[in-house]
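What the coordinates show
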Amino acid sequence: MTSRRDFLIAAGGLVGGLDLASVPVRAHATPAAMQDAIRKVVGGAPVSRGKVKLDVPPLIDNGNAVTVSVAVESPMTPAEHVKAIHVFNEKNPLPNVVSVYLGPRSGRAEISTRIRLADTQTVTAIAELSDGSFWSDSASVVVTLAACLEELQ
Amino acid sequence: MASPAIVNVPATARRGEIIAIKAMVGHAMETGFRRTQLGEPVPRNIISQFVCTYNGAEIFRAELHPAIAANPLFTFTTVATESGTIAFRWTGDNGYSMAASATITVV
C-alpha cells in the first residue's frame, strides 16, 4: 500500500518533471556557445592575450546600455594594422555582440559603443591583425539590472 | 518611426590628423527575445549593419547583433586625408535604411 508520504514524493516528482518539460526552451548563450562563436571567427588560429585593451565598467546598474571601448596597440599602417575587432559575451541570448572592421585609414584602433548585458558575466574582445594573428582581452562585469528580460506592457 | 541620425565630425582638420567620429541613430533595436505580457514574442527588428565612407571609400564598418543597445552609438577614428564628405548608412531588418553625412574641410 502506498503511504501518504510516498504518494506525495511521487506526485512531487511528477509535477517537478512536468515543470521541467513544460518550461519553454530559452535560447541562452553559454561559455561554450561563446567559444563556438569565437572559433567561427578565428578558425583554428591561436588567440593570444595582450595588445587589446577592453574597457567595461566592472559594476553596472543597468544592463540595457553599457559603454564598451576597445583599443588595440597597432601602428595602423598599410603593412601592419588591425583588420577587425569582435566582441563576445557569455550569457546573453546570443554570444555575438558586434564586429567592426577597420583599416590603415582608421589612424588608431580605438572604438566604443553601447551594448546590452543580460547577466553578470565575462565579456571578451578579439582583434584580428593584418598579419593573421588574433589577440584578446576579457573583462568580468557585475550587472544588477539585466537587459533582455523585461516584459512589454 | 525612423528617428534622425546624429553624427559628429570635426568641420576642419589638418591633413594627416586623426579625427574622432561619433554616429548615433534612433532605433529600438528590438532583440526578438522579449515577450508581451500575453506571452507573444516580439519580433526581432534591429539594425544589422553600419557603414561609414569617406569620399566614397569605406573607412569603418560594423555588424550589429541584438546585444547592441537601443539607439546604436559608435565612436571611431579616421585620418583626415582630403576635404569632402563623410557619409553614414545604417541598414537593418524590415528594409530599414537611414543615411547621414557631414562635410569636412582639410587644410
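Residues numbered from 1 in each chain as written. Chains lettered and ligands numbered in written order. Predicted model: local features only at pLDDT ≥ 70, side-chain atom pairs only at ≥ 80, totals over all residues.

The subject of this paragraph is the overall build of chain A. Helices and strands together make up the secondary structure of chain A, namely two helices and nine strands. Shown N-terminal to C-terminal, the secondary structure of chain A runs as helices and strands in the order α-α-β-β-β-β-β-β-β-β-β. For chain A, the residues scored as buried account for 39% of the 153 residues in total. Counting only contacts in chain A whose residues sit at least 6 apart along the sequence, the fraction spanning at least 24 positions is 69%. (Helix = DSSP H or I, 4+ residues; strand = E, 2+ residues; numbered from the N terminus. Buried ≥ 20, exposed ≤ 12 C-beta atoms within 10 Å, placed from the backbone. Contact = placed C-beta atoms within 7 Å.)

Bringing the overall build of chain B into the picture now. Counting its secondary structure elements, chain B contains zero helices and eight strands. Starting at the N terminus and ending at the C terminus, chain B contains elements arranged as β-β-β-β-β-β-β-β. Along the first, second and third principal axes, the C-alpha set of chain B runs to 60 × 20 × 20 Å. When each of the 107 residues of chain B is scored for burial, the buried share is 30%.

Residue and element names in this part refer to chain A. Among the structural elements, Thr-30 can be located in the loop between helix H1 (4-22) and helix H2 (31-42). Judged by local crowding, Thr-30 falls into the exposed class, with 11 C-beta atoms found within 10 Å. Considered as a pair, Thr-30 and Val-70 are 40 residues apart in the sequence and their alpha carbons are 23 Å apart.

With 27 residues of chain B at the interface, the matching set in chain A holds 29 residues. Breaking the side of chain B that touches chain A down by element, the ones donating at least two residues are strand E5 (57-64) and strand E6 (73-79) of chain B. Top contributing element to the side of chain B that touches chain A by residue count: E6(B), with seven residues. Of the residues contributing to the side of chain B that touches chain A, the split by class is 16 nonpolar, seven polar and four charged. (Nonpolar A, V, L, I, M, F, W, Y, C, P; charged D, E, K, R; others polar.)

Looking now at the pairing of strand E5 (residues 82-89) of chain A. All names here are of chain A. In terms of burial, E5 is a largely internal element, six of the eight residues being buried. Looking at chain direction, E5 and strand E8 (residues 121-129) are connected through seven bridges and run antiparallel. Opposite Ala-84, over in E8, you have Glu-128 as the bridge partner. In this sheet, strand E6 (residues 96-101) lies alongside E5 in antiparallel orientation, the contact comprising five bridges. From the neighbouring strand, Ile-85 faces E6, where its bridge partner is Val-100. Connecting the antiparallel pair E5 and E6 is a turn made up of six residues. (Pairing = 2+ DSSP bridges.)

With that out of the way, let us pick up the sheet that holds strand E2 (residues 52-55) of chain A. Within the open sheet, the six strands sit side by side as E2(A)-E4(A)-E7(A)-E6(B)-E3(B)-E1(B). Their pairing is antiparallel. Strand pairing shows two members of the sheet lacking a second neighbour, E2 of chain A together with strand E1 (5-8) of chain B, which therefore form its edges. Sheet twist, expressed as the mean angle between neighbouring strand axes with direction ignored, is 15 degrees. (Axes fitted to C-alpha atoms, helices over the stretch in contact; angles between N-to-C directions.)

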